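Residue-level listing of the chains:
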Amino acid sequence: MAHDRPDPVPGDRGRQPRLTTRQFRRTLAWFIARRPGGTIAGALQYRHQRIQMFEGYAGTSDSGFRDEVEAEDALARGQYLAESSADGDRPALTGPAGAETEARLAEFARHAVFDGQVVTDEVRLGRIVARHDPHLHPGMFVTCVYQPERALCRTPSGPAETPVMADCQPLACRNAALTPANRQALADHLADPDNTLANSDRLAPYVRHRLEEQRRETAAFLTRHTPEPTP
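Residues numbered from 1 in each chain as written. Predicted model: local features only at pLDDT ≥ 70, side-chain atom pairs only at ≥ 80, totals over all residues. Heavy atoms only, no water.

(A) Quick look at the side chain of T94. Tracing the sequence through the fold places T94 in the loop between α4 (65-86) and α5 (98-112). Looking at T94, the relative accessible area reads 14%, which means it is buried. Here H225 takes part through its backbone oxygen, which lies 2.6 Å from a polar atom of the side chain of T94. Residues contacting T94, with those up to four places away along its chain left out, are A177, L178, R183, H225 and P227. (Helix = DSSP H or I, 4+ residues; strand = E, 2+ residues; numbered from the N terminus. Buried < 20%, exposed > 50% of the residue type's maximum accessible area, 1.4 Å probe, protein only. Polar contact = N/O pair within 3.5 Å; in protein donor to acceptor, adjacent residues only side chain to side chain. Contact = heavy atoms within 4.5 Å.)

Written out as structure tokens, the structure reads:
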């Protein structure tokens, strides 16, 4: 009201509304649940005895919560795939599954790109992804070219439809492909153990050993899968 916005918080029986942080608990739960591993983190944060309690608090499948999240994720992934498929100047992907990623993107482009134009209609793009899903899942450190039988992020009894990006093991998984952004994120990540090891005299021997090993493995992986600069 004071800022002349057209969308003020409605009054309560003619009185000025009084907002408190408790009124946003379910909104916060909704955002937590949409993050990788969010249902477990949310159950711990909200001190729920079961994960199902937090899922119900954040919004159950009956309320359309799961369907809505899955639809948003599919659309965002479809837009990423369509833009990647149409970009003729995009650098080639590297990594154990880099060549397979290129092949899947080329096949997806046959359905999502017409005369150089990317499909932008959300409904149409959603249908294309549903019918011709290349099962590519972009992440910060890795792009997953998902094949359940060789995925290290799932247990034999777990669901096979999608990867569990929160449990990704990019240095060892054969489903891993790297975009330039992934390689940059891994390079930036190397600064974390470097900063910690700078004060290694304060670390326990086992912790120092694991950090040194992690840094060595990450640097070697990045070197193997970074293409030589073109002259």
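(B) Looking closely at helix α7 (residues 180-189). Where α7 is concerned, the buried positions are N182, R183, A185 and L186. Across the axial projection of α7, the buried residues extend over an arc of 160°, all falling on one side. (Arc of directions from axis to C-beta.)

(C) Here's a closer look at unusual backbone geometry. For H135, which is not glycine, the phi dihedral falls at a positive 55°. Along the chain, H135 falls in the loop between α6 (122-132) and β3 (136-138).

(D) Here's a closer look at the confidence of the model for the chain. Per-residue pLDDT for the chain averages 75, and the proportion of residues at 70 or more is 69%. Within the chain, strand β5 (residues 176-177) carries the highest mean pLDDT (92), whereas helix α3 (residues 51-58) carries the lowest (55). (pLDDT = per-residue confidence, 0-100.)

(E) Region of the structure containing the environment of V9. You can see V9 is positioned in the segment before α1 (25-33). Placed ten residues apart in sequence, V9 and L19 show a C-alpha to C-alpha distance of 9.4 Å. Residues contacting V9, with those up to four places away along its chain left out, are P17 and L19.

(F) Representation of the pattern of salt bridges within the structure. Summed over all chains, the structure comprises four salt bridges. A salt bridge links D194 to R215; its shortest N-O distance comes to 2.6 Å. With D194 in helix α8 (residues 191-197) and R215 in helix α9 (residues 205-224), this residue pair connects regions lying 21 residues apart in the sequence. Its relative accessible area of 32% is what places D194 among the partly exposed residues. The partner of E213 in a salt bridge is R210, and the shortest N-O contact between them spans 2.2 Å. Note that E213 and R210 are positioned in helix α9 at a spacing of three residues, about one turn of the helix. On the basis of relative accessibility, which here comes to 37%, the residue R210 falls in the partly exposed class. (Salt bridge = Lys/Arg side-chain N within 4 Å of Asp/Glu carboxyl O.)

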